[in-house]
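Chains, contacts and geometry: an overview
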Amino acid sequence: MSAAGALQKAVFIKLAGDAALTALIGPDGVHDHLQTRSHRPCIVIAGIDSRDASTASEAGEEHLVTLDVRTGEGGSRVVQEIAARVRMLLDDVPLVLAGFVLVSLLHRRTRIGRDAKAKGHVAEIEFRAVTE
């Protein structure tokens, strides 16, 4: 498994295992891809962009992790609540990665907007992670 794969799995487990987040999005509300008939609200691990961040002495990677929070019609307040919970669960939290070490995981930005096509709201949350 790659470092990005191990990171994705750890993020999925952390989000799916939180009772307070599950109360907001329901069971099975965390996905690793956008499903055509997924219930709303939900969280989608939208992507991980990885690049080499090795030093002279350590092999490493930098990862930009993008999560999308999607809600139904009229869900601005709901998407903000869920995004805040996701940030609290992942920002600067030591996750255990299979076969790799997570050096840092920090929130970079959150962008919330209306998704007219899907008739709801979306929060795009980005984290920067470094693994060795």
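Whatever comes next refers back to the structure up there.
Here goes a summary of the coordinates provided. Keep in mind the model is a prediction, meaning the values are calculated, not measured.

Pairing is mixed in the open sheet, where five strands are placed in the order β1-β2-β3-β5-β4. Where the open sheet ends on each side, the last strands, each with one partner, are β1 (30-31) and β4 (102-115). In the sheet, strand β2 (residues 42-52) pairs with strand β3 (residues 61-70) via 10 bridges, with the strands oriented antiparallel. Note on β3: the bridge partner recorded for Gly 47 is Thr 66. Most of the contacts of helix α3 (residues 76-90) go to strand β5 (residues 120-131), to which it runs at about 10°, and overall it touches β2, β3, β4 and β5.

With that settled, the discussion passes to the nonpolar core. In this structure, Leu 15, Leu 67, Val 86, Leu 90 and Leu 95 are the most contacted members of the largest nonpolar core, which totals 28 residues. Counting residues per element, the ones that place at least two in this core are α1 (3-16), α2 (19-25), β2, β3, α3, β4 and β5. The element best represented in this core is α3, accounting for six residues.

As a rule of thumb, non-glycine residues mostly have phi less than zero, and peptide bonds are mostly trans rather than cis. Unusually for a residue other than glycine, Asp 28 sits at a positive phi of about 60°. Among the structural elements, Asp 28 can be located in the loop between α2 and β1. The exposure class of Asp 28 is exposed, given its relative accessible area of 66%. Phi at Asp 92 is positive, roughly 60°, even though this residue is not glycine.

So, about α3. An ideal rise of 1.5 Å per residue puts 21 Å on 15 residues; α3 measures up with 21 Å between its terminal C-alpha atoms. Those residues of α3 that sit buried are Val 79, Ile 82, Ala 83, Val 86, Leu 89 and Leu 90. One side of α3 holds all its buried residues, which, seen down the axis, span an arc of 125°. On its buried face, α3 sits against α1, α2, β2, β3, β4 and β5. The first or second residue beyond α3 is Asp 92, which carries a positive phi of 60°.

Quick look at the side chain of Thr 66 now. With respect to the helices and strands, the residue Thr 66 is situated in strand β3. Not counting residues within four places of it along the chain, the set of residues in contact with Thr 66 comprises Val 44, Ile 45, Ala 46, Gly 47, Glu 124, Ile 125 and Glu 126.

Our next topic: the side chain of His 121. Positionally, His 121 belongs in strand β5. Owing to a relative accessible area of 13%, His 121 belongs among the buried residues under this scheme. At a separation of 3.4 Å, a polar atom in the side chain of His 121 contacts the main-chain amide nitrogen of Ser 76.

Attention now goes to the pairing of β3. In terms of residue burial, β3 counts as a mostly covered element, since nine of its 10 residues are buried. Sheet topology note: the β3/β5 ladder contains 10 bridges and is antiparallel. Bridge pairing in β5 links Thr 66 to Glu 126.

Rules of the game
Residues numbered from 1 in each chain as written. Predicted model: local features only at pLDDT ≥ 70, side-chain atom pairs only at ≥ 80, totals over all residues. Heavy atoms only, no water. Pairing = 2+ DSSP bridges. Helix = DSSP H or I, 4+ residues; strand = E, 2+ residues; numbered from the N terminus. Contact = heavy atoms within 4.5 Å. Axes fitted to C-alpha atoms, helices over the stretch in contact; angles between N-to-C directions. Core = buried A, V, L, I, M, F, W, Y, C linked by side-chain atoms within 4.5 Å. Buried < 20%, exposed > 50% of the residue type's maximum accessible area, 1.4 Å probe, protein only. Expected span 1.5 Å × (residues − 1). Arc of directions from axis to C-beta. Polar contact = N/O pair within 3.5 Å; in protein donor to acceptor, adjacent residues only side chain to side chain.

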